[in-house]
Amino acid sequence: PPADAAAAILRIMVDEKEQAKAKAKAGEGEGGRGGLSEEEAAQYDRQIRLWGLEAQKRLRASRVLLVGLRGLGAEVAKNLILAGVKAVTLLDPQQVSPEDTQTQFLIPLGSVGKNRAEASLARARDLNPMVDVKADQESVERKPEEFFTRFDVVCVTCCSQEVLLKVDQICHKNGVKFFAGDVFGYHGYMFADLGGHEFVEEKTKPAKTSQSMEDRPDAKKAKLDFVETTMVKKRMTFCLLKEAFGITWSTEKGQAALKRTTPDYFLLRVLLKFRTEKGRDPALQACVEDAETLLQTRRGVLASLGVGADLIPDNFTSCCFSEMASVCAVVGGVLGQEIVKALSQRDAPLNNFFFFDGLKGNGIVECLAPS
C-alpha cells in the first residue's frame, strides 16, 4: 500500500542520516574529515555525495544577498537555503500585495500590507535552521558600495534597468558574483556576471588495463567498463550587463548575430523599459492601457537598437502580465542552480543569459557580449 511505501522510504532516509552522523562522529566519513559538524554531515549527506565535500564546504562559507521577494525571489531563496549556504539576506522594501499571495509561498495568509522580506522570514528560516536568514527592509538604491562587498553573491530581481546596471558595476569591480532575473507572465530570464570565474569539471577517460586482463576472453567488455574520472580546472570570463545591453546590431557583425539571437532578449529590453518608465510591471488591472503602452515601447526600443519592429509580434502583450507560478519555479530552479555552481566552483556555468518561454515550454542559453 502507498502508506507502507512512504513509511519504508522515511525509514531509509532516517537510516541514511543516522549512518552519516555515526561516520562524522567517528571521523570516518567525509563530514568528519572535512570539519563539518555532525548535524551538517547528516543534513547535507546526499549533496556531499552529489558534488563532493569541498564544494559543500564552499557553500557553507558563502553569504548571499537576494533582492526582491516576489514569486521568483521566493523560489531562489528556497533553493539556496536548502542547498546549505552560510547566510541569506532577504532585501525588499515593498509591502505584500494580494497578487503576491498567488505565487509567493513563503508569505503566510493574512500578510497583505506587511513588508515582503519580513513576512517571508519565518518560513524561510524553517526550511533550514542551519542557515542564517535575515530580512532587510531598506531600498537597494540606498545601499552604499561597501554593503555589497559583504556578500559572495548578489542576486537582483524586481528592479529597474538602472539599478541592475549600477549593482552589477559595483559587484564586477569588487569581485562579487552578480545574478539578475525576473518573470513577466509566461516569460522569464536570468543573467550572470561572474567576472573571471574558475571552476572544476569532471572528465572521464578509459582506464588502462593490465596485459593479463587484455588476454582474457572478456577483455573487450572490460575495456568498456573501466573508466577513470579526473577533475579538470577551467576558467571562464563574463561581461557586464551594460556591455551585453550595449551590442550594436546595425553593423555587419551585429546583423549576423541578430539572425541567431532569440527574440526574448529584445522582449526583455522592452519590458525593462516599461518598468523604468512606469515604475512597475504590466498589471492585469490596467491590461488595456498597458498593452497599448507595451506596443509603443516596443517600437521605440527596437528602433533605438536598430532592429525591425516585426522581431516581436503584436500578440506578445497578452503574455507579459503578472507572475506565473510555474515559470517562477523553472527560472528560479535554473537561477538557484547557477548560484550554487558559482559558489561551489563545480561544473561550467551558463554564460551569460538564460531565457524561458512558458508558452513553448523551452529555455535557451545565449552568450551575448561585445566580442
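Residues numbered from 1 in each chain as written. Predicted model: local features only at pLDDT ≥ 70, side-chain atom pairs only at ≥ 80, totals over all residues. Heavy atoms only, no water.

Peer 1: Give a detailed account of the packing of aromatic side chains, specifying residues and quantitative values.
Peer 2: This model, assessed by the stated rule, comprises 11 aromatic pairs. Site record: aromatic cluster; members linked through ring pairs are F178, F191, F245, W249, Y265, F266, F353 and F355. In this structure, K143 packs its charged tip against the face of F147, placed 4.4 Å from the ring centre. A cation over an aromatic ring shows up here: R269 above the ring of F245, its NZ or CZ 4.3 Å from the ring centre. (Phe/Tyr/Trp six-rings, centres within 6.5 Å; stacked < 30°, edge-to-face > 60°. Lys NZ or Arg CZ within 6 Å of the ring centre and 35° of its normal.)

Peer 1: Before we move on, can you summarise the pattern of salt bridges with the specific residues and values?
Peer 2: Enumeration over the complete set of coordinates arrives at 25 salt bridges. Residues R70 and D281 are paired through a salt bridge, measuring 3.2 Å at the closest nitrogen-oxygen approach. Placement of the pair is R70 in the loop between β1 (63–67) and α6 (71–83) and D281 in the loop between α15 (263–278) and α16 (287–305), with a sequence separation of 211 residues. When sorted by exposure, R70 lands in the same class as D281, which is buried. (Salt bridge = Lys/Arg side-chain N within 4 Å of Asp/Glu carboxyl O. Helix = DSSP H or I, 4+ residues; strand = E, 2+ residues; numbered from the N terminus. Buried < 20%, exposed > 50% of the residue type's maximum accessible area, 1.4 Å probe, protein only.)

Peer 1: Please set out the nonpolar core residue by residue, giving values where relevant.
Peer 2: Within the largest apolar cluster, 50 residues are counted, with the highest numbers of intra-cluster contacts made by V154, L164, V167, W249, F266 and F353. When residues in this core are grouped by element, the largest group, eight residues, is from α15. Discounting residues that sit within four places of it in the chain, V167 has contacts with V140, F148, V154, V156 and F178. If you look at the next biggest cluster of nonpolar residues, it comprises 45 residues, including L36, Y44, A74 and A83. (Core = buried A, V, L, I, M, F, W, Y, C linked by side-chain atoms within 4.5 Å. Contact = heavy atoms within 4.5 Å.)

Peer 1: How would you summarise the confidence of the model for the protein chain if you had to cite specific residues and measurements?
Peer 2: Here the protein chain averages 88 in pLDDT, and 85% of its residues register 70 or above. Ignoring residues within four places in sequence, the model shows residues 20–33, a span with pLDDT below 50, making 18 contacts including any to other chains. (pLDDT = per-residue confidence, 0-100.)

Peer 1: Tell me what's going on with empty space enclosed by the protein, and back it up with residues and numbers.
Peer 2: All told, the structure shown has two cavities of 30 Å³ or more when counted by the stated rule. Taken as a whole, the largest cavity spans an internal volume of roughly 80 Å³. For the largest cavity, the full set of lining residues is D182, F184, H187, G188, Y189, D264, L267, L268, L271, F355 and F356. Looking at the lining of the largest cavity, the elements with two or more residues in it are β5 (177–184), β6 (187–193), α15 and β9 (353–357). (1 Å grid on protein atoms, 1.4 Å probe; cavity = no way out; pocket = protein on both sides within 12 Å on 5 of 7 lines; lining within 4 Å. Points joined across faces, edges and corners; volume = space filled by probe spheres on them.)

Peer 1: Break down the layout of surface pockets for me, with residues and values.
Peer 2: One water molecule sets the probe size; rolling that probe over the atoms shows where empty space is left. Counted as a void, the largest pocket has a volume near 760 Å³. Along the wall of the largest pocket there are 30 residues; nearest its centre are Q94, R116, C158, G279 and R280. Looking at the lining of the largest pocket, its residues break down into 11 nonpolar, 10 polar and nine charged. (Nonpolar A, V, L, I, M, F, W, Y, C, P; charged D, E, K, R; others polar.)

Peer 1: Could you give me a rundown of the environment of L66, with the residues and numbers involved?
Peer 2: Along the chain, the position of L66 falls in strand β1. Between the C-alpha atom of L66 and that of V153, which follows or precedes it by 87 residues, the distance is 8.5 Å. Once residues within four sequence positions are removed from consideration, L66 is found in contact with G73, V76, A77, T89, L90, L91 and C155.

Peer 1: Any chance you could break down the pairing of strand β2 (residues 87–91) for me, citing the residues and the numbers?
Peer 2: Counted residue by residue, β2 has five buried out of five residues, so it is predominantly covered. By the alternation rule, side chains of β2 split into A87, T89 and L91 and V88 and L90, which are all buried. Assessed by its sense of winding, the connection that carries the chain from β1 through α6 to β2 is right-handed. Note that β2 and strand β3 (residues 132–136) share five bridges and pair parallel. Counted as the bridge partner of T89 is K134 from β3. (Right-handed = clockwise from strand over helix to strand, strands pointing away. Pairing = 2+ DSSP bridges.)

Peer 1: I'd like to hear about the side chain of D92, residue by residue, with values.
Peer 2: With respect to the helices and strands, the residue D92 is situated in the loop between β2 and α7 (100–103). At a separation of 2.8 Å, a polar atom in the side chain of D92 contacts the main-chain amide nitrogen of Q94. Once residues within four sequence positions are removed from consideration, D92 is found in contact with G68, L69, N115, R116, A117, D136 and Q137. (Polar contact = N/O pair within 3.5 Å; in protein donor to acceptor, adjacent residues only side chain to side chain.)

Peer 1: Please set out α6 residue by residue, giving values where relevant.
Peer 2: Taking 1.5 Å per residue as the helical rise, α6 with its 13 residues ought to reach 18 Å, and the 19 Å between its terminal C-alpha atoms agrees with that figure. With 10 of its 13 residues buried, α6 lies for the most part within the structure. For α6, every residue scored as buried is listed here: G71, L72, G73, A74, E75, V76, A77, L80, I81 and A83. (Expected span 1.5 Å × (residues − 1).)

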